[in-house]
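Descriptive structure summary
What follows is the residue order along each chain.
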Amino acid sequence: MEFTHLNSAGTAYMVDVTEKQPTVRTATAEGEVACSPEVMTALREGTVPKGDVLAVARIAGISAAKKVPELLPLAHTIGVHGCAVDLELADAHVKITATVRTADRTGVEMEALTAVNVAALALIDMVKGVDRSAFIRRCGIVAKSGGRSGDWSRTLSEA
């Protein structure tokens, strides 16, 4: 196996994508925040004391997708041309889905994963006064398209 972020001396470096042509690329990640029945009821009724939890989580996720190069030292600075973060209330958890799009030289998988995770963290921050046991689980890429490796998808249950 060849490690793309190590040079021949074994030193980490940022892969040079200068010669690659920009193409349209999309990545979708999903994750869940497990919550108590009390929090799920408060989310459905809009009665969480800190306010509109889902709106705050959505905006936090979108904002985070644009900050990936600041967080991951070998990530390229790319244009995040579209980002949608959706939150869906299930029985005992909130499902978070983020889809990120670009027309650039490298993919947006890290941006999608970061959007989901930061949205999940924002959600936990908003509900922690009601439910200290809330936690993030089952986060991963579920689809990508574009680039040299083409299209790929799975469900989180396959992970």
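Structure: see above.
Residues numbered from 1 in each chain as written. Predicted model: local features only at pLDDT ≥ 70, side-chain atom pairs only at ≥ 80, totals over all residues. Heavy atoms only, no water.

1. As for the overall build of the protein chain
For the protein chain, the helix and strand inventory stands at four helices and five strands. For the protein chain, the sequential pattern of α-helices and β-strands runs β-α-α-α-β-β-α-β-β. Its C-alpha atoms give the protein chain principal-axis dimensions of about 55 × 30 × 30 Å. A burial count over the protein chain gives 39% of its 159 residues as buried. Summarising the internal contacts of the protein chain: among those between residues at least 6 apart in sequence, 69% fall at separations of at least 24. (Helix = DSSP H or I, 4+ residues; strand = E, 2+ residues; numbered from the N terminus. Buried < 20%, exposed > 50% of the residue type's maximum accessible area, 1.4 Å probe, protein only. Contact = heavy atoms within 4.5 Å.)

2. Some remarks on the layout of surface pockets
If you add up the space inside the largest pocket, you get close to 580 Å³. Taken together, 22 residues form the lining of the largest pocket, with H5, H76, T106, G107 and E109 sitting closest to its centre. For the lining of the largest pocket, the element with the most residues is helix α4 (residues 109-127), which contributes three residues. Class assignment of the residues belonging to the lining of the largest pocket gives a composition of eight nonpolar, eight polar and six charged. (1 Å grid on protein atoms, 1.4 Å probe; cavity = no way out; pocket = protein on both sides within 12 Å on 5 of 7 lines; lining within 4 Å. Points joined across faces, edges and corners; volume = space filled by probe spheres on them. Nonpolar A, V, L, I, M, F, W, Y, C, P; charged D, E, K, R; others polar.)

3. Brief notes about a nonpolar patch on the surface
On the surface, L71, L72 and M110 cluster together into a nonpolar patch covering about 260 Å² of accessible area. Structurally, the position occupied by L71 is in helix α3 (residues 68-71). Take L71: its relative accessible area is 53%, and that puts it in the exposed class. (Patch = residues over 30% accessible without salt bridge, like charges linked within 9 Å, V, L, I, M, F, W, Y side chains within 5 Å. Areas by Shrake-Rupley, 256 points an atom, 1.4 Å probe, with all protein chains shown as cover. Salt bridge = Lys/Arg side-chain N within 4 Å of Asp/Glu carboxyl O.)

4. Overview of the nonpolar core
Residues V33, L43, L87, V94, I96, L123 and V127 are the most contacted members of the largest nonpolar core, which totals 34 residues. Among the secondary structure elements, those contributing two or more residues to this core are β1 (23-34), α1 (37-45), α2 (53-65), β2 (82-89), β3 (93-104) and α4. Sorting elements by how many residues they give to this core places α4 first, with 11 residues. Ignoring sequence-local partners within four residues, the contact set of V33 consists of A92, H93, V94, I96, A120, L123, I124, A134, F135 and I136. (Core = buried A, V, L, I, M, F, W, Y, C linked by side-chain atoms within 4.5 Å.)

5. A look at the state of the cysteines
Under the criterion given, the structure shown has zero disulfides. A disulfide-free cysteine, C83 has its sulfur positioned 13 Å from the sulfur of C139, the nearest such atom. Under the relative-accessibility criterion, C83 is labelled partly exposed at 21%. Owing to a relative accessible area of 31%, C139 belongs among the partly exposed residues under this scheme. (Disulfide = S-S within 2.5 Å.)

6. Considerations on unusual backbone geometry
Positioned with a positive phi, R138 is a non-glycine residue whose angle comes to about 50 degrees. Within the element layout of this structure, R138 appears in strand β4 (residues 135-145). When its relative accessible area of 41% is taken as the criterion, R138 is described as partly exposed.

7. Some words on the pairing of β2
Pairing between β2 and β3: eight bridges, direction antiparallel. Pairing of C83 across the sheet is with V100, part of β3. (Pairing = 2+ DSSP bridges.)

8. Topic: the packing of α2 against α4
Packed helices, taken two at a time, are described by the angle their axes make and the gap between the axes. It is at 7 Å that the axes of α2 and α4 come closest, and there the two elements cross at 145 degrees. For the element pair α2 and α4, the recorded crossing hand is right-handed. Contacts between α2 and α4 involve V53, L54, V56, A57, A60, G61, A64 and A65 on the former and, on the latter, E111, T114, A115, V118, A119, A122, L123, M126 and V127. The residue makeup of the contact of α2 with α4, split by class, is 14 nonpolar, two polar and one charged. (Axes fitted to C-alpha atoms, helices over the stretch in contact; angles between N-to-C directions. Left-handed = near helix turned anticlockwise from the far one by under 90°.)

9. Examining α1
Of the residues making up α1, those classed as buried are V39, M40, A42 and L43. Down the axis, α1 shows its buried residues gathered within 165 degrees of arc, on one side only. Exposed side chains of α1 directed beyond 90 degrees from the buried face belong to P37, E38 and E45. Of the residues flanking the end of α1, it is G46, one or two places downstream, whose phi is positive at about 70 degrees. (Arc of directions from axis to C-beta.)

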